[in-house]
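For reference, the chains in residue letters:
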Amino acid sequence: MQWTTIVKKEMLEDFRNFKWVWVPLVFILIAIMDPLTTYYMPKIMDAVGGMPDGTVFEMPEVSPYTAIMMSLTEMSMFGVLVAVAITMAVIAGERKSGVAELILVKPVGYFTYILAKWTEKVILILASYIIGMLVSWYYINLLFGEITIGEFVPLVLFYALWLIFVTTLTIFYNTLFKTPGIVISVTIATLLGMHIVYRIFQHKLSWFPNSLSSHIGDMLNSGSIPSELWGASLVTILVSVVLLFASRYVFRTKEMAN
Amino acid sequence: MEELGINFALLAPLLLIQLLLAIIGLVAWFKTEETNGPRMLWLVIILLVSYIGPILFFIFGRRQ
C-alpha cells in the first residue's frame, strides 16, 4: 500500500535526522524535570544559601498523584511545543521545497499523503511521550510513593488524545499555510485561544478538549473514570477526525506552488 | 554532590541525557552544511548551552 510506503519513508527520514533519538530524550527531560526539582527543592535551598540562620521551611508533602500531574502539566507546555515544532514543516516544508509535487504526481492520493504524514508523526510523538511518562513513573515510584499500573495506564492513554489533537491541528495548518513559521505561530495562537476560552467558560465546558488533564486529575483522586473524561475524550477524537478531513479538503483546493 | 546528601544514581540519567543530546547535536552539526545563521555560532550553542542548545539546533538550526 502507498500509505505504508510513505509512512516508511517518513520513518527513515526521521531516523536520519535523529528525531527518533532526540525527541524521546527531550520528552524524558520534560517529564522528570518538575517532579525531580520538587523533590530536591529543600536541598537546593540549602545549597544556594542566603537564608538567615534558623529559617525553617515547611515544604508541603507532595503526593505521588500531584507529582505525576506535574509531569502532565510540563507535557502540556513544553511537550506540546516540541510536538508542534517537529510537525510544523512536514507538509509546508515539502511544499516549499517542491518534494510534495514530486510525490503527488505519482498516483498518490492527497488523503493518503496527509494520513501517512500524520500517522508517522503521531507514532513518533506518542512513543516519545510514553517513554517520558514511563521514566517519570519510575522516578515518582522511587521518590514520592506508589502509582499503580491501573492508574498509570488510563492516565497516559487519556492524555495521549490531547497530543494527537495537537498534532492533527498542526497538520491541518500545514495544509493551509506554506511557511513553517506561520504554521507554528498560528497553531500556538489557536492553542492559546482555546486555553483562554476554556479558562473563562470552565464550568460550562466540561467536555472541552482542554479539560482532559483536569479530569485526569479527578480520576486519580477519585479512583474511577468520571463521565466528563469520556465526554472530553470523545469530543477530542471527533475534532481530530474532522480536522483530518478538513485538511484533505483544504489541501486539494489549494494550489501547490506560490 | 555527596556532602549535599543527593543520591548521584538518581541524577545520573540526567547527565547521560545531556551528554547524548550534545553528541547527537555535534554529529548533526557536522552533517549539516548550511545552517540557519552562522555555522560556528551554532557549534558554540550546542556545546555550551546545556540541554536547550542542541534542541534549539535540531528545531531551528537546520534548513528543512
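If you look chain B up in an unreviewed UniProt entry, it shows as Phospholipase D-like protein from Saliterribacillus persicus. Word for word, the UniProt comment on chain B under Subcellular location (unreviewed entry) is "Cell membrane".

For chain A, an unreviewed UniProt entry supplies the name ABC-2 type transport system permease protein and the organism Saliterribacillus persicus. According to UniProt, the comment filed for chain A under the heading Subcellular location (unreviewed entry) is "Membrane".

Undergrad: Quick rundown of the packing of aromatic side chains? Include the residues and the values.
TA: Under the definition given, this model contains 18 aromatic pairs over all chains. Counting every residue linked through ring pairs, the aromatic cluster contains A:Trp22, B:Trp42, B:Phe57 and B:Phe58. The lysine or arginine in question, A:Arg248, covers the ring of A:Phe111, its NZ or CZ lying 5.7 Å from the ring centre. Geometry around B:Trp29 places B:Arg39 over its ring, the cationic atom sitting 4.2 Å from the centre.

Undergrad: Describe the side chain of A:Asn210, naming the residues involved and giving the relevant values.
TA: As for its position among the elements, A:Asn210 is in the loop between helix 8 (180–200) and helix 9 (212–222). Non-local contacts of A:Asn210, meaning those with residues more than four positions away in its chain, are made with A:Trp162, A:Met194, A:His195 and A:Tyr198.

Undergrad: So, the UniProt feature "domain: ABC-2 type transporter transmembrane" (unreviewed entry) in chain A: which residues are in play, and what are the values?
TA: The residues that UniProt annotates with the feature "domain: ABC-2 type transporter transmembrane" (unreviewed entry) are residues 75–246 of chain A. As a span, residues 75–246 of chain A carries 81% helix and 0% strand, and end to end its C-alpha atoms are 27 Å apart.

Undergrad: Kindly report on the UniProt feature "transmembrane region" (unreviewed entry) in chain B, identifying the contributing residues and their values.
TA: Residues annotated by UniProt as "transmembrane region" (unreviewed entry) correspond here to residues 6–29 and 41–60 of chain B. Secondary structure across residues 41–60 of chain B comprises 85% helix and 0% strand; the distance between its end C-alpha atoms is 13 Å.

Undergrad: So what about the environment of A:Ser213? Which residues, and what values?
TA: All names here are of chain A. Assignment of secondary structure puts Ser213 in helix 9. Between the C-alpha atoms of Ser213 and Met194, which are 19 residues apart in sequence, the distance is 14 Å. Those residues in contact with Ser213, other than ones at most four positions away along the chain, are Met69 and Tyr159.

Undergrad: So what's going on with the packing of helix 2 (residues 19–48) of chain A against helix 1 (residues 8–31) of chain B? Which residues, and what values?
TA: Remark: helix 2 of chain A packs on helix 1 of chain B, axes separated minimally by 10 Å, with the N-to-C direction vectors making an angle of 145°. Viewed along their axes, helix 2 of chain A and helix 1 of chain B form a crossing whose handedness is left-handed. Seen from helix 2 of chain A, the contacting residues are A:Val21, A:Trp22, A:Leu25, A:Ile28, A:Leu29, A:Ile32, A:Leu36 and A:Tyr40; seen from helix 1 of chain B, they are B:Leu10, B:Leu11, B:Leu14, B:Ile17, B:Leu20, B:Leu21 and B:Ile24. Counted by class, the contact of helix 2 of chain A with helix 1 of chain B contains 15 nonpolar, no polar and no charged residues.

Undergrad: Please give an account of unusual backbone geometry that cites residues and values.
TA: Not every positive phi belongs to a glycine, and A:Phe18 is a case in point at roughly 70°. Among the secondary structure elements, A:Phe18 is positioned in the loop between helix 1 (2–16) and helix 2. By relative accessible area, A:Phe18 is classed as buried at 16%. Notably, B:Tyr51 is not glycine yet its phi reads approximately 60°, a positive angle. Along the chain, the position of B:Tyr51 falls in the loop between helix 2 (39–48) and helix 3 (52–61).

Scoring rules and cut-offs
- Residues numbered from 1 in each chain as written.
- Chains lettered and ligands numbered in written order.
- Predicted model: local features only at pLDDT ≥ 70, side-chain atom pairs only at ≥ 80, totals over all residues.
- Heavy atoms only, no water.
- UniProt positions renumbered as here; feature names shortened; annotations may be inferred.
- Phe/Tyr/Trp six-rings, centres within 6.5 Å; stacked < 30°, edge-to-face > 60°.
- Lys NZ or Arg CZ within 6 Å of the ring centre and 35° of its normal.
- Helix = DSSP H or I, 4+ residues; strand = E, 2+ residues; numbered from the N terminus.
- Contact = heavy atoms within 4.5 Å.
- Axes fitted to C-alpha atoms, helices over the stretch in contact; angles between N-to-C directions.
- Left-handed = near helix turned anticlockwise from the far one by under 90°.
- Nonpolar A, V, L, I, M, F, W, Y, C, P; charged D, E, K, R; others polar.
- Buried < 20%, exposed > 50% of the residue type's maximum accessible area, 1.4 Å probe, protein only.

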